[in-house]
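So you can see what is in the structure, the chains are spelled out below.
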Amino acid sequence: MTATEAGAAGGLGPCTLGLCVLCGLPAAGKSTFARALARRLQQERGWAVGVLSYDDVLPEAPPDLGTGARPRPSRWKTLRQELLKFLECFLMIVINGGQMSAPANMAEAMWEDFITCLKDQDLIFPVVSETQSCYILAKSVISKPLLLVLDDNFYYQSMRYEVYQLARKYSLGFCQLYLDCPLETCLQRNGQRPRAVPNETIHLMGKKIEKPNPGKNAWEHNSLAVQSPVCSTEASLEVTEILLTALENPVKHAENNVEQKETDRIICSANILHKADQALRRTVSQTMKEAKDEQILPNNLKLLAEELNKLKAGFLEDLRQGNKYPCFPQTTDISDVISSFCNEKDNIMQKYFSKHH
């Protein structure tokens, strides 16, 4: 019997709970897919399905992939982690019952948008309290399997891994659906949106996105690439199959040494990249200040900034891919990276200072 047949036979209990990461490029059709998937599973399977669209809760697009005034990279990461804390609050009332209230020191506007998202899907119900707003799980959800679909680009595997960690912490089902859509199609769809993402953002994300890689990462074994737009019955069956497999096989809380090493590698990798990014940003900023003090012409200042930022982006990508630094992330020492960057930066600076003098 397949997982699909078992699910149809009523093999899932009311306490069954799973997280589904839905990832892909902007305008790949993720939100449309998520809504259609929720309707189908509710009608055909009788499940409770919630869609958490990051676009509806978080501020605008990531700061390192577009233009305009947005949160700093470190702030953006903090907001994403805070959203996962909100999600954890909801998971607690699903698992343990009781009431949900706002965490301490939270971003109020984000919390309100999160609550609105759950209320609009009839997942929670407000209760009267003299001190603060509280919410309980809706009765229609209590008696059914519950699938939560997280709709976002999730372009780095470290972003998806944070969701996996949450699933592991509470022994939940976990799977990933990657909506595979050609770049040109995404750009065309984006142009038809009322609030279009800058095309540059989509191009850059297309280069940076780290697709689920079950062959490399054991925790990503329950992943499926879905062609967009999804039309075939076969594709729908494959999606249902992987969701059922996830719900019937929750992530074990206790992992073996291989999994722990993978955890350490991903966390270490993300931390070192963040440290390197911050250090290189400071170096570029200091260099630009020195150039201004030397009264470099405005046009040359602009060209210098472009070259330095391009150099920084190249170094970070080499670090991420292990091209120049194969020991990464086994080492936490980024001094060699900074030293090498400064040498190449100095060569660029000499060119502009020689023009000035």
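What counts, and at which threshold
Residues numbered from 1 in each chain as written. Predicted model: local features only at pLDDT ≥ 70, side-chain atom pairs only at ≥ 80, totals over all residues. Heavy atoms only, no water. Buried < 20%, exposed > 50% of the residue type's maximum accessible area, 1.4 Å probe, protein only. Helix = DSSP H or I, 4+ residues; strand = E, 2+ residues; numbered from the N terminus. Pairing = 2+ DSSP bridges. Salt bridge = Lys/Arg side-chain N within 4 Å of Asp/Glu carboxyl O. Axes fitted to C-alpha atoms, helices over the stretch in contact; angles between N-to-C directions.

Next up on the list: the pairing of strand β2 (residues 48-53). Across the six residues that make up β2, a large majority, six, are buried. Burial along β2 is two-sided: Ala 48, Gly 50 and Leu 52 facing one way and Val 49, Val 51 and Ser 53 facing the other are all buried. Relative to strand β6 (residues 146-151), β2 is paired through six bridges, and the arrangement is parallel. Looking across to β6, one finds that Ala 48 is bridged to Leu 146.

Tallied over the entire structure, the rule returns nine salt bridges. A salt bridge links Glu 44 to Arg 40; the nearest nitrogen and oxygen atoms lie 3.6 Å apart. Highlighted residues: Glu 44 and Arg 40, both in helix α2 (residues 30-44), separated by four residues, approximately one helical turn. The exposure class assigned to Glu 44 is exposed, which follows from its relative accessible area of 56%. Of the charged contacts, one joins Glu 88 and Lys 169 as a salt bridge, the two residues approaching to 2.7 Å between their closest N and O atoms. Taken together, the positions of Glu 88 in helix α4 (residues 73-96) and Lys 169 in helix α7 (residues 157-169) put the pair 81 residues apart, joining distant regions of the chain.

A few words now on the environment of Lys 302. If you trace the backbone, Lys 302 turns up in helix α12 (residues 298-321). Look at Lys 302 and you get exposed, because its relative accessible area is 54%. Separated by 14 residues in the primary sequence, Lys 302 and Met 288 have C-alpha atoms spaced 9.6 Å apart.

Time to look at the sheet that holds β6. Two strands in a sheet stick together by hydrogen bonds in their backbones, pointing the same way (parallel) or opposite ways (antiparallel). Taken together, the five strands give an open sheet; going across it, the order is β2-β6-β1-β7-β8, and neighbouring strands pair in parallel fashion. Edge positions in the open sheet fall to β2 and β8 (223-227), since each of these has one partner strand only. With direction set aside, neighbouring strand axes in the sheet form an average angle of 20°. Sheet topology note: the strand β1 (residues 17-23)/strand β7 (residues 173-180) ladder contains six bridges and is parallel. Paired with Cys 20 across the bridge in β7 is Cys 175.

This paragraph deals with the sheet that holds strand β3 (residues 100-101). Spatially, the three strands line up as an open sheet ordered β3-β5-β4, and their pairing is antiparallel. Single-partner strands in this sheet number two, and they are β3 and β4 (124-127). Across two bridges, β3 lies against strand β5 (residues 134-137) in antiparallel orientation. Paired with Met 100 across the strands is Tyr 135, a residue of β5.

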